[in-house]
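Take a look at the letters that make up each chain.
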Amino acid sequence: MAGGWARDGAVQDQIDDSVNDAVSAARSRLPYGESAEYCDECGEPIPEKRRVALPGVRTCVECQSARDGAVRHSAINRRGSKDSQLR
């Protein structure tokens, strides 16, 4: 049930859009193609088990951990209410 001027199902549509955007962003960060034998960032060898488990990997575990920690997520305000803008 939507409130105010919104149609029924509008809130669920917003939730679905947010989830779909997050899934698309995560998929775009997945590696693809042939794995590298050496890390693109530090030059250390990438273990064979990592290359087999994750096709297309280009970084070692340490460098990938640092990259994952630096990922920024966009905070799109789909709701547009004053309360959601104050967070």
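Residues numbered from 1 in each chain as written. Predicted model: local features only at pLDDT ≥ 70, side-chain atom pairs only at ≥ 80, totals over all residues. Heavy atoms only, no water.

S.K.: Hey, could you run me through the side chain of Thr 59 in this one?
M.R.: Mapped onto the fold, Thr 59 is located in the loop between helix H2 (48-53) and helix H3 (61-69). Exposure remark for Thr 59: the relative accessible area of 1% places this residue in the buried category. Among the polar contacts listed, one links the side chain of Thr 59 to the side chain of Gln 64, at a separation of 2.7 Å. (Helix = DSSP H or I, 4+ residues; strand = E, 2+ residues; numbered from the N terminus. Buried < 20%, exposed > 50% of the residue type's maximum accessible area, 1.4 Å probe, protein only. Polar contact = N/O pair within 3.5 Å; in protein donor to acceptor, adjacent residues only side chain to side chain.)

S.K.: Sorry if this is basic, but what is going on with the confidence of the model for the chain here?
M.R.: Detailed reading of the predicted coordinates is not advisable wherever pLDDT is low. With 74% of its residues at a pLDDT of 70 or more, the chain has an overall mean of 81. Here helix H4 (residues 82-85) stands out as the least confident element of the chain, with mean pLDDT 52; H2 is the most confident, with 92. (pLDDT = per-residue confidence, 0-100.)

S.K.: Could you clarify how one ought to interpret the pattern of salt bridges in this entry?
M.R.: Think of it this way: side chains of opposite charge can pair up when their charged atoms draw near. Per the stated rule, a full pass over the model turns up 3 salt bridges. Where Arg 67 meets Glu 41, a salt bridge forms, and the shortest distance between an N and an O atom there is 2.6 Å. Linking Arg 67 in helix H3 with Glu 41 in the loop between helix H1 (10-28) and H2, this pair joins segments that are 26 residues apart in sequence. On the basis of relative accessibility, which here comes to 44%, the residue Arg 67 falls in the partly exposed class. Across the pair Glu 48 and Arg 51 runs a salt bridge whose closest N-O atoms are separated by 2.8 Å. Of this pair, Glu 48 and Arg 51 are both found in helix H2, 3 residues apart, which corresponds to roughly one turn of the helix. For Glu 48, a relative accessible area of 46% corresponds to the partly exposed category. (Salt bridge = Lys/Arg side-chain N within 4 Å of Asp/Glu carboxyl O.)

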